[in-house]
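# An overview of the molecular structure
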Amino acid sequence: MKPTFRILQVSLSFWILLAAITSAEEVESNVDFGRDIRPLLSDICFKCHGPDESQRQAELRFDREESVFAPREEQAILTAGNPEKSELYLRITSNDPDLRMPPPTEKRQFTSEQIDLIKDWIQQGGKWESHWAFQIPQRSSLPGVSQPDWPKNAIDFFILHRLDQERLAASLPASKRTLIRRVTFDLTGLPPTPEEIEEFLNDKFPKAYERLVDRLLKSPRYGEHMAGDWLDAARYADTSGYQNDGPREMWRWRDWVIDAFNANKPFDEFTTEQLAGDLLPNATLSQKIATGFNRNHRGNAEGGIIAEEFQVEYVVDRVESTSTVWLGLTLGCARCHDHKYDPFSQEEFYQLYALFNNIPEHGRAVKEGNSPPYIKAPTKEQQQHLQGLDDQLVELSGKIRSEEPALVAALKKWESSYAVPPKFDWQTQDGLVVNMDSETEVPKFIDGEPTFDKHRSGKAAVFDGKRHLNMGDVANYGYFDKFSFSCWIHPDNTAQGTILSKMEDVPRGSGYSVGLNHGKVEVNLVKRWLDDSVRVETSNAIIPQGKWSQLVVTYDGSRVAAGIQVFLNGVQQPMKVNLDYINQTFAADEAPLRIGAGHGAKGRFRGMIDDVRAYDRLLTTHEASILSESKSVAGILNIPENQRSGKQAKKIRQWFLATHAPKNIKLKFEQYTQALRARQSYEESLPTVMVMEELNQQRPTYILKRGEYDQPGQEVVPGIPDSVRVTKQPVQNRLEFSQWLIDPQNPLTARVVVNRLWQQLFGTGLVKTTEDFGSQGELPSHRELLDWLATELIRL
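So, a few notes on the structure that sits alongside this text. (Residues numbered from 1 in each chain as written. Predicted model: local features only at pLDDT ≥ 70, side-chain atom pairs only at ≥ 80, totals over all residues. Heavy atoms only, no water.)

Before going further, it helps to spend a moment on helix α6 (residues 176-188). Taking 1.5 Å as the rise per residue, α6 with 13 residues should run 18 Å; its terminal C-alpha atoms sit 18 Å apart, in good agreement. Looking only at α6, the buried set comprises L179, I180, V183, T184, D186, L187 and T188. Summarising the axial view, the buried residues of α6 lie within an arc of 165°, below the 170-degree limit, and thus occupy one face. For α6, the elements touching its buried residues are α7 (194-201), α8 (208-217), α9 (220-233) and α22 (749-762). (Helix = DSSP H or I, 4+ residues; strand = E, 2+ residues; numbered from the N terminus. Expected span 1.5 Å × (residues − 1). Buried < 20%, exposed > 50% of the residue type's maximum accessible area, 1.4 Å probe, protein only. Arc of directions from axis to C-beta. Contact = heavy atoms within 4.5 Å.)

Okay, here's the thing in C-alpha cells:
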C-alpha cells in the first residue's frame, strides 16, 4: 500500500529537553563537502561558474561533479589528493591578479580559513556529493546514547545523542504547571484556564500528559492555531488589490484549512485537494473550495493597467508560492534567467508556469467582490437550510400540480360568462416600474412633435432619427441590480439605432443601453466604453426590417456577460461577447431614461416603438414568452380554445391565475412563487470563494525573455525540473503535479513540511531558512533528525 503523509500532531513529551538543543555543528576532523565546501562554492563561485548559462564564464561549472573532474589538456580543475595539481586551489591562492579567482575586483573573496578548508578537502580525496536537499531522505536507525532507558520517544534518542556529543546534561524536568502552559499555548495558541491547570495538577494517574495532549488535539482551537502558519504561507492576509483594497471573500477556504487540521486530514489529500481538487473525478464542493490556496494573491483592479501583464504576475505568484510552501525552493529566481545557485533553468520555471497558466481569469481583477472563477460555497448549516428550501419547493410544486385540474375547470367555467372590454390587455405587473404605452399616455417628446402610427389594436410612437422620449428619473439600475426590459419595435430599413438608454450626456458616458446594429441587438452596461463595461450582441442579425418584433432583455446582477439574456418573440438568442469586464457600477442616476435615443444626437432610432416596460427583477423564460404574444387578452378570448397557440394559452392562464382564479388556488401558486424567490434570494446571499478551474483548451505558454509579459520566446509544455524528478511519467497538469509532490521519493516535500512544523512549535526550524532548502539556504542543524521526521511523515 502506498504510504501517505499525515498532518503531524506532534507529541510534546520531550519539551523538557529543548533547552539543551544547540545548533552547533558536530566537530569533525574530516572536511564534509556538503557542509563545508558546497556553501563556499555557491556563495563565491556559482555567480560565474554555476547553473546560469547566460552568466557562465569559460564553460566551467562548479555545481556539477562531472564538470569539476572532467579531463582537460591543461591543468586539471581538481586532482583528488593533490591541491598543488588542482587548478581550483592554484587559482584561489594565486598572487597574479590576472589568474586569481575570484578576480580581485569581486567583493566576495575566500578567507584564509576557507582556502585551508578547500585544501584539506582536496587532500582528503575531494569527495563530491549532490546537494543534501535533493537527495532522497534516508531513515537512519536510532542513534546510540549513554542512557538507553532515558528516552521516552524516538526524538529523545536524537536529542540525547547530541547532548552526549556536546558533553551536556539534560535540564531537569519542567513542573506540571509549566508543561500545561507550554503545550496549551503550542497546540491552541491560548493559555490554559485555571480550571484546566488544576485538573492537570490533580491528575496523578499514569499518562496524564498524554491525556492532556489528546484533549488539546480534539479542541477546535487546535485547528485554528495550526492553520495560522499555513494561511500565512498561502498569503491569506494579503490585501485584495495593489493600490486600493476592495472587499473579497476567501474565508470559506480558511475554514477548509482549519477543518482539515481538526480532522487530521491525510497530508496527501491535503496537498492534492488544495492544488488540484477541481481536477479530481466528481470533485466535491469541499475539494473545489480547497483550491482557493492559489487564489489568495493580490489582484490589480486599476483602470489603466495592461491586463496581460498582471495575468502573468498572478501565474508567477502561484509558481513561487507553491514551490516555496511544498518544496522550499526559490524558483522565482529563474523567472528571468537560469537560477544562479540551484540547478533550475528558466525553461523549467516556465514548464511549471504552464501548469498554472490555464485558469479562466482576467488580468484586471474585480474591485468589489471576488474575481472569476469563483463558486458558491455554502457552509454545512447553509447547505442544510438550502435543502430545506428545496424540500419546501418540491412540496408546494406537488400542491399546485394537484390543483391543475381545478384551475383548468375554473378557467373554462369563467370563460363561458366572461365580459372584458374589446381592447383589454394584460401583462405581469410584478416588479413593473416603467410602462410606456402610447395608447394610454402621451409621453414627453424631445426634438420633435409627438407622432403615432397603428400597432396591433392601438398606436405606437414614431421615431425619425431625431425625435425621442424623455421618461424622466426612472429605472435607476447599477451593476448589482436585477432588471428586465420589454418592448415592441418596428425598425425602418436600416435596423439601426438606440431603443432605450440611461446614459450620461458625455461621449460614451456611463450607463446602460439597448439598441440595434445592422439587425443585431446590442446590450451595453458601461462605466468606460473600452475597458470597464459589459458589451454583448446577438450572434446573428435577428431583427427584421419593416416588421414588428417583440424584444425582452434581462440582466441578473452578476456583473458578467453571461448574466445578460435577449429574447426575440419569446425565444432566447445566442450571444456574442464584445467585452466581459466591468469593475464599477454603471449607474447613471442623473440621466433620464430615454426611448429612441442614447446621449447626444447620434444613433437615434428610426421606426416605431411601443409598450416599453421596465421591471426591477429578472423576468423568466415563461414570462418572456407571454410578453411576446401580440394578441390582447380580449383578442385571445375570442379565439376558440382548441385553436389558440401555446403562447396564447399561457397568457390566458397566467392572466386568469393573477386576477380571477379561486382564492385557494391563487394562494397556493403565490406560496410557490414566494418560496421560489426566497430560495433564489437565499442562494444569492451565500458566500463565494475564488477557486482554480481549467480552460477547455490548454493556453500556450512561452519562455518570457527577462520575465517580461510582452517578450515571448520559445513555447514550452508543462513539466517539472529534472534535478528533482522522481518519476519518468510526464507531469502535464496540476493533479499530476500534486501527485509528484507527495511521491515518497520526492526529496523535498516531507522535509519542508516537518521543518515548518518544527519552526511553528519551537521558533526556529531544523533548517533555519524554512523557505530556502537550496544551495544558498542554511544547512540543517540536525540532518539525521530532520530526515527521520520526514520519513516518519511519509510512513504515517
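Right, let's talk about the packing of helix α13 (residues 307-327) against helix α14 (residues 346-355) for a bit. With their axes 9 Å apart at the nearest point, α13 and α14 run at an angle of 100° to one another. When the interaxial angle is binned, α13 and α14 end up roughly perpendicular. From α13, V312, V315, V316 and V319 reach across to α14, where they touch F349, L352 and Y353. Tallied by class, residues from the contact of α13 with α14 come to 7 nonpolar, no polar and no charged. (Axes fitted to C-alpha atoms, helices over the stretch in contact; angles between N-to-C directions. Parallel < 35°, antiparallel > 145°, perpendicular 65-115°, else oblique. Nonpolar A, V, L, I, M, F, W, Y, C, P; charged D, E, K, R; others polar.)

A few words now on the packing of aromatic side chains. Counted according to the given criterion, the structure contains 39 aromatic pairs. Here the aromatic rings of W121 and W128 are separated by 6.5 Å at their centres, their planes lie at 50°, and the arrangement is tilted. Across the pair, exposure class does not vary: W121 and W128 are buried alike. Ring centres of F158 and W788 lie 6.1 Å apart, and the angle between their planes is 55°; this geometry places the pair in the tilted category. (Phe/Tyr/Trp six-rings, centres within 6.5 Å; stacked < 30°, edge-to-face > 60°.)

Leaving glycine out, the prevailing phi sign among residues is negative, and the prevailing peptide bond configuration is trans. Residue P102 is reached from M101 by a cis peptide bond, and omega for that bond is -5°. Relative to the helices and strands, P102 resides in the loop between α3 (87-93) and α4 (112-123). Of the consecutive residues P372 and P373, the connecting peptide bond is found in the cis state with omega at 0°. As for its position among the elements, P373 is in the loop between α14 and β1 (374-376). Even without a glycine there, the phi angle at R167 is positive, about 55°. By the element assignment, R167 lies in the loop between α5 (154-166) and α6. Located in the positive-phi region is R706, a residue other than glycine, with phi close to 55°.

Most of strand β9 (residues 511-517) is tucked away, with 6 of its 7 residues classed as buried. Count of turn residues in the β9/strand β10 (residues 520-528) antiparallel hairpin: 2 residues, of which H518 carries a positive phi of about 55°. (Pairing = 2+ DSSP bridges.)

This paragraph deals with a negative patch on the surface. Taken together, D473, E504, D589 and E590 make up a surface patch of like negative charges. Relative to the assigned elements, E504 resides in the loop between β8 (497-503) and β9. Take E504: its relative accessible area is 32%, and that puts it in the partly exposed class. (Patch = residues over 30% accessible without salt bridge, like charges linked within 9 Å, V, L, I, M, F, W, Y side chains within 5 Å. Areas by Shrake-Rupley, 256 points an atom, 1.4 Å probe, with all protein chains shown as cover. Salt bridge = Lys/Arg side-chain N within 4 Å of Asp/Glu carboxyl O. Lys, Arg positive; Asp, Glu negative; His and termini not counted. Charge placed at Lys NZ, Arg CZ, Asp CG, Glu CD.)

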